[in-house]
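Below, each chain spelled out in residue letters.
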Amino acid sequence: MTRVLRTRAELRAALADTPRPIGLVPTMGWLHEGHRSLMRRAREADATTVVTIFVNPRQFGDPADLAKYPRSEARDLAICEEERVDLVWAPPVEEVYPPGFDTTVSVGQVASPLEGSARPGHFDGVATVVAILFALVGAEHAYFGQKDAQQVMVIRQMARDLALPTAVIACPTVREPDGLALSSRNVHLTAEQRAAAPVLHRALAAGREAWEHGERSAATIRERMRAVLAGEPLADVDYVSVADGRTLRELDTIDGPALLSLAVRFGPTRLIDNEVLEVDPTEA
Ligand code: AMP
């Protein structure tokens, strides 16, 4: 049976006598196969699985984006039950940010480009809420999706710098059969936009293919990805990035691990995706 908890006090009480290790899966709800994959990883590795469902207002710059974020707690709880999650913490906003709350966790360089510059304040909101969740749950492990690659880097940096004892584990991106990365935001796509959206994955695949064929110019790889995106009239490109996989600085030459990443709008819906290029140890 999945237990649903609302307050900090209920969460603390439930965690006091729960078997360890604890695996934490932070989410904003509207759960899908991507979230389920994180819950399964936790269930395999941990004695207690804790899922949090909280649409974090601090990580939304645009109030309209927050207002239209899809929500269905009944559906989410049924999914947690199916995945045999032990505890769900689904708090109201004031349990996460009680009156008088006045702290922001702000990560430096890895939080500044890409999503950080496209969505000012976004990663402050993410780092702050994840710090609170890590403190409240005290999990041995926390699971995040590689779909949000920069988010994983920001949380790792925060956990390391603040000496938080929770290990941050990145899990592979779960995709639809046509390559589109699962996202709660996909529900906003019209049928036409949905049909166009796999262009993100095709663009990333073209970038990877060029790299696999020996291309090392980041500009050329960006161009390859842009050319694929340009073939889809509904795709309104926000950014196309070839960045250092450790620092997220834009690269001239790919001479180590790199992150290909994209943000593309389809009407009002903004989708992101990425592909990691690992160095072949025989090449490095
Ligand atoms: P969200 O509810 O969108 O904040 O996502 C909660 C967690 O699920 C984050 O760690 C995401 O990176 C992860 N996630 C979202 N979509 C996917 C996906 N398609 N595959 C794997 N993980 C995902």
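Residues numbered from 1 in each chain as written. Predicted model: local features only at pLDDT ≥ 70, side-chain atom pairs only at ≥ 80, totals over all residues. Heavy atoms only, no water.

1. Let's talk about the site of the ligand
Taken together, 17 residues are adjacent to the ligand, and M28, H35, D148, V174 and L182 come closest. Within the side chain of H35, one N or O atom sits 2.9 Å away from an oxygen atom of the ligand. A distance of 2.6 Å separates an oxygen atom of the ligand from a polar atom in the side chain of D148. Of all elements in the fold, only strand 2 (22-27), helix 2 (33-45) and strand 5 (141-145) reach the threshold of two or more residues within the shell around the ligand. Ranked by residues supplied to the shell around the ligand, first place goes to helix 2 with three residues. (Near = heavy atom within 4 Å. Polar contact = N/O pair within 3.5 Å; in protein donor to acceptor, adjacent residues only side chain to side chain. Helix = DSSP H or I, 4+ residues; strand = E, 2+ residues; numbered from the N terminus.)

2. Let's talk about the domain arrangement of the protein
Here the domain parsing of the protein yields domain 1 (3-171) and domain 2 (184-275). Inter-centroid distance (C-alpha atoms) of domain 1 to domain 2 is 26 Å. At the interface, 22 residues of domain 1 touch 20 residues of domain 2. Buried surface at the junction of domain 1 and domain 2, summed over both partners, amounts to about 1,700 Å²; 53% is from carbon and sulfur atoms. At the junction of domain 1 and domain 2, the tally comes to two salt bridges. The salt bridge partner of D65 is R185, with a shortest N-O separation of 2.8 Å. In this assembly, domain 1 and domain 2 are joined by 11 residue pairs in polar contact (both at pLDDT 80 or more). Contributing elements (two or more residues each) for the side of domain 1 that touches domain 2: helix 3 (63-68), helix 6 (115-118) and helix 8 (149-161). Looking at the side of domain 1 that touches domain 2, the element that brings in the most residues is helix 8, giving three residues. Taken together, the residues of the side of domain 1 that touches domain 2 sort by class into 10 nonpolar, six polar and six charged. (Domains from an automatic or database assignment. Contact = heavy atoms within 4.5 Å. Buried area = accessible area lost by both parts, 1.4 Å probe. Salt bridge = Lys/Arg side-chain N within 4 Å of Asp/Glu carboxyl O. Nonpolar A, V, L, I, M, F, W, Y, C, P; charged D, E, K, R; others polar.)

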